[in-house]
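What follows is each chain in one-letter form.
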Amino acid sequence: MAILPLVIAPDPRLKTKSSHVEMVDDSLRQLVRDMFDTMYQEKGIGLAAVQVGILKRLLIADVTWRDEGGPGKQYALVNPEILESSEDPHIYKEGCLSFPEQFADVERPASVRVRYLDLDGKQQEETFEGLLATCVQHEIDHLNGIVFVDHISLAKRDMILRKLKKMKKQGYFDHDHSQCGHDHSHDHEHVHGEHCGHDHVI
Ligand code: ZN
């Protein structure tokens, strides 16, 4: 089990387009396992490789794990492409593991048809709906150097980025949880928990 360090905004890597994966091999499958470990640890439902500093067109998602008390239906999409988007919009209060504690309503198509390679390197096509559709579109955005705050007003975006800059300056993200012995799980529960009314971090 490996927990990878997250890239936190503002960071130029989050504005960079990730490159095509040439080969689905064991090292990529290992990266996917590490990304799932990291995502579950941080209580997210989706993660793009760029968020752990790997600029490859790879994303993972599991929007069901919370309900099942452990890993749920896991998706790993290599070189994903949106083939079709539905006309009907869906608004969801999004968060992002690269934007800790920040949430904003984002409107996206309610369903998308996506072509991708699976972890055997086989081409797949699938239609995603609901939360999974939102999640997959959020992660594909990451692969194109787009983040969820690019979909909201400039004023709100500036406010969020100012807050994160300040948190970075204060060393909020430098804290190594494993060494200090403090239990920060409560913080995560509060930030991302269902009880507080915030939505999922993707
Ligand atoms: Zn994100």
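Described in the following lines is the structure provided in the data block. Everything quoted here is computed from the prediction, not taken from an experiment.

1. Some points on the packing of aromatic side chains
Okay, so step 1: Taken as a whole, this structure holds five aromatic pairs when the rule is applied.
Okay, so step 2: Seen in terms of ring centroids, Y75 and F128 are 5.4 Å apart; in terms of plane orientation they differ by 85°. Their pairing is edge-to-face. One end of the pair, Y75, is in strand β3 (residues 75–85); the other, F128, is in strand β7 (residues 123–129), with 53 residues separating them in the sequence.
Okay, so step 3: Residue F128 is classed as buried on the basis of its relative accessible area of 1%.
Okay, so step 4: A cation over an aromatic ring shows up here: K73 above the ring of Y75, its NZ or CZ 4.8 Å from the ring centre.

2. A short note on unusual backbone geometry
Okay, so step 1: Following A9, the chain continues to P10 via a peptide bond in cis, the omega torsion being -5°.
Okay, so step 2: Tracing the chain through its elements places P10 in the segment before α1 (26–41).
Okay, so step 3: Phi at K43 takes a positive value of approximately 60°, unusual for a residue other than glycine.
Okay, so step 4: Here K43 is to be found in the loop between α1 and β1 (46–48).
Okay, so step 5: Even without glycine at this site, N79 takes up a positive phi of about 50°.
Okay, so step 6: Relative to the helices and strands, N79 is located in strand β3.

Rules and cut-offs
Residues numbered from 1 in each chain as written. Predicted model: local features only at pLDDT ≥ 70, side-chain atom pairs only at ≥ 80, totals over all residues. Heavy atoms only, no water. Phe/Tyr/Trp six-rings, centres within 6.5 Å; stacked < 30°, edge-to-face > 60°. Helix = DSSP H or I, 4+ residues; strand = E, 2+ residues; numbered from the N terminus. Buried < 20%, exposed > 50% of the residue type's maximum accessible area, 1.4 Å probe, protein only. Lys NZ or Arg CZ within 6 Å of the ring centre and 35° of its normal.

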